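A structural walkthrough
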Amino acid sequence: MTRPPHHRPVIVVGAGPVGMSAALSLRALDRPATVLEAGEQDRLRPGSRAIFVHRATLEVFERSSPGLAGDLAAHGLVWQTKRTFYAGRQVFARTYPPPEPTALPHFTSLPQVETERYLLQACKAAGVEFAWNAEVTHVSSGVDGVELTTGAGDRWTAEYVIAADGSHSAVRKALGVTMSGSRSDGWYVVVDVEENPTEPLPAERVFHYAHPAVGGRNVLLVPFAGGWRVDLQLHDGDDPVRLSEGADLRRWLRAVLPPGYADRVAWASTYQFLQVVADDFADRHRRALFTGEAAHLFAPFGARGMNSGVPDADAAATAVHVALSTGVPARARAAVEDFSISRRRAALFNRDAAGTALAHLRPDAAQRTRLEEAARGAADDDRLGHWLDTAPYGPRDIPPGNTIYKY
Ligand SMILES: Cc1cc2nc3c(=O)[nH]c(=O)nc-3n(C[C@H](O)[C@H](O)[C@H](O)COP(=O)(O)OP(=O)(O)OC[C@H]3O[C@@H](n4cnc5c(N)ncnc54)[C@H](O)[C@@H]3O)c2cc1C
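Values in this document were obtained by computation on a predicted structure and should not be read as measured data.

1. As for the sheet that holds strand E4 (residues 81-86)
The strand order across the open sheet formed by 7 strands is E5-E4-E13-E14-E15-E12-E16, and the pairing between neighbours is mixed. Only two strands of the sheet have a single neighbouring strand rather than two, namely strand E5 (89-95) and strand E16 (265-271). Averaged over neighbouring strand pairs, the angle between their axes works out to 10° when direction is ignored. Bridge count between E4 and E5: 6 bridges; the pairing is antiparallel. Its bridge partner lying in E5, Thr-84 is registered against Phe-92. Packed on one face of the sheet, helix H7 (residues 246-256) meets strand E12 (188-194), strand E13 (204-211), strand E14 (217-224), strand E15 (227-233) and E16 and runs near 70° to E12. Along the sheet face, helix H11 (residues 382-390) touches E4, E5 and E13 and points at about 85° away from the line of E5.

Right, here's the structure in full:
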């Protein structure tokens with residue numbers, strides 16, 4: 001005999017940072033929240049991925065779980081100095097005053113695994129229900145809701161589903177929603193190294209155009225609580241795998257950091273970044289809402305990935321809350337429609353902003369000349385140095401018409 005499905009008003013799929021944010025936002029609206037997660041309860045997710053958490057994201061966390069943003073800020077690190085070098089020569093440096101101890105900082109920098117640990121604690125404290133080892137494998141939606149089946153054969157039904165199941169989203173694919181965009185040409189090696197107490201480094205964000213010690217490749221060094229993120233931008237023709245492993249990895253790390261750091265690699269990965277956005281942020285019945293990497297993938301320059309996934313999650317929870325509160329089907333549909341339109345618009349904006357950063361990092365001949373001229377003139381004109389310093393992260397603007405969510 002088939003077991004009846006478990007029914008919940010709303011189910012979140014995926015316990016990454018975006019799914020857990022959605023669950024917290026639902027709880028803050030006094031809605032029960034259930035999360036189905038493919039992984040096991042005490043899993044250790046590889047890599048640290050997002051390190052840079054914007055204040056706008058902290059504000060969403062603080063609203064949905066008072067105290068959470070303060071915990072993340074206290075655990076994370078705020079660097080006060082940033083520097084940019086061109087072919088080994090400093091072209092820009094700025095030091096900011098320390099953040100006010102009573103206010104949220106402009107950002108905090110910590111490994112994503114730590115952010116997720118705090119989110120999980122907050123979810124448990126808020127009474128979020130988790131089903132671990134529950135990989136969603138089949139999904140169907142209709143006018144009344146969504147049915148999900150897990151690999152173990154458990155069936156779940158819900159009026160609404162918030163899909164936060166990451167870049168390979170089974171929910172999005174099963175419901176026939178496609179992604180559009182492109183893949184960047186260039187390769188990057190991204191490495192996290194643990195802090196070396198015997199070779200302490202100042203907590204400064206440093207960007208090198210054409211670093212002379214690594215064959216003129218661009219290098220970005222970003223501190224986070226407990227270590228350093230090192231991005232190496234490869235030349236065309238480089239072998240990404242070779243430069244992300246063993247002696248070759250250690251050799252270039254020794255050229256950009258004090259030597260002991262080369263033996264403190266926590267993880268290293270190669271990337272060719274996707275710049276893609278879902279063609280719709282909800283299914284055709286307006287019952288499944290796509291958030292985070294289930295809905296968009298950006299190059300990480302400008303840190304718009306998780307920082308836009310969290311407001312997606314918050315907006316999805318609000319839309320579901322409105323839809324569940326109204327007795328008028330057209331209003332419920334409109335709430336999901338508004339979510340889809342506004343968050344897709346934000347995602348397109350963020351994709352283009354990250355694309356501007358990517359293009360800056362792979363200059364054509366004319367742009368290369370402008371960069372060289374700016375590097376030559378930076379000593380006399382601070383605006384040139386400022387441009388060199390900020391352009392690798394893309395424009396700082398927020399999506400247009402977006403008054404609540406900054407990314
Ligand atoms: C090198 C790098 C640096 C980055 N730096 C930054 C940064 O500084 N700041 C920033 O904002 N962003 C950054 N990002 C992006 C950020 O890591 C992502 O945006 C973020 O992880 C997306 O979170 P998510 O919850 O949408 O997806 P994920 O983190 O992928 O989580 C998805 C969850 O869903 C689960 N799942 C998957 N399939 C199923 C299924 N079928 N059923 C049930 N569960 C499922 C997975 O196990 C996982 O737990 C970076 C990314 C990279 C690669």
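What follows picks up the thread again.
2. A look at the sheet that holds strand E11 (residues 179-183)
With antiparallel pairing, the 3 strands of this open sheet are ordered in space as E11-E17-E19. Taken across any chain shown, the strands that pair with only one partner, and hence form the sheet edges, are E11 and strand E19 (296-297). Pairing between E11 and strand E17 (residues 274-278): 5 bridges, direction antiparallel. Among the inter-strand pairings, Gly-181 is bridged to a residue of E17, identified as Val-276. Together, E11, E17 and E19 form the strand contacts of helix H9 (residues 329-361), whose direction differs from that of E17 by roughly 170°.

3. A short note on the site of the ligand
Not every one of the 33 residues close to the ligand is listed here, only the nearest: Glu-37, Gln-112, Val-136, Met-306 and Asn-307. Interatomic distance of 3.3 Å between a side-chain N/O atom of Arg-49 and an oxygen atom of the ligand. Surface burial for the ligand is 89%, taken as the share of its 990 Å² of free accessible area covered by protein chains. The set of elements that each furnish at least two residues to the shell around the ligand consists of helix H1 (17-28) and helix H8 (305-325). Broken down by element, the shell around the ligand gets its largest block of residues, 3 residues, from H8.

4. As for the domain arrangement of the chain
Buried accessible area, meaning the area lost when the parts come together, often serves as the stated size of an interface. Domain parsing of the chain yields domain 1 (6-77 + 103-182 + 276-358) and domain 2 (188-271). Each of domain 1 and domain 2 has a C-alpha centre, and these two points are 31 Å apart. Taken together, the contacts link 12 residues of domain 1 with 10 residues of domain 2. Summing both partners gives a buried area of about 910 Å² for domain 1 against domain 2, and 68% of it is carried by carbon and sulfur. Summed over the three residues of domain 1 that lose the most area to domain 2, namely Ile-51, Leu-77 and Phe-301, the buried surface amounts to 46% of that side. Where domain 1 packs against domain 2, one counts 0 salt bridges.

5. Description of the packing of aromatic side chains
This model, assessed by the stated rule, comprises 10 aromatic pairs. Considering the side-chain rings of Tyr-188 and Phe-273, the 5.2 Å spacing of their centres and the 40° angle between planes classify their relative orientation as tilted. Separated by 85 residues along the polypeptide, Tyr-188 in strand E12 and Phe-273 in the loop between E16 and E17 bring together distant segments of the chain. Here the aromatic rings of Tyr-271 and Phe-273 are separated by 5.3 Å at their centres, their planes lie at 15°, and the arrangement is stacked. Residue classification places Tyr-271 among the partly exposed residues on the basis of a relative accessible area of 27%. In this structure Phe-273 comes out as buried when scored by relative accessible area, which is 7%.

Rules of the game
- Residues numbered from 1 in each chain as written.
- Predicted model: local features only at pLDDT ≥ 70, side-chain atom pairs only at ≥ 80, totals over all residues.
- Heavy atoms only, no water.
- Pairing = 2+ DSSP bridges.
- Helix = DSSP H or I, 4+ residues; strand = E, 2+ residues; numbered from the N terminus.
- Axes fitted to C-alpha atoms, helices over the stretch in contact; angles between N-to-C directions.
- Contact = heavy atoms within 4.5 Å.
- Near = heavy atom within 4 Å.
- Polar contact = N/O pair within 3.5 Å; in protein donor to acceptor, adjacent residues only side chain to side chain.
- Areas by Shrake-Rupley, 256 points an atom, 1.4 Å probe, with all protein chains shown as cover.
- Domains from an automatic or database assignment.
- Buried area = accessible area lost by both parts, 1.4 Å probe.
- Salt bridge = Lys/Arg side-chain N within 4 Å of Asp/Glu carboxyl O.
- Phe/Tyr/Trp six-rings, centres within 6.5 Å; stacked < 30°, edge-to-face > 60°.
- Buried < 20%, exposed > 50% of the residue type's maximum accessible area, 1.4 Å probe, protein only.

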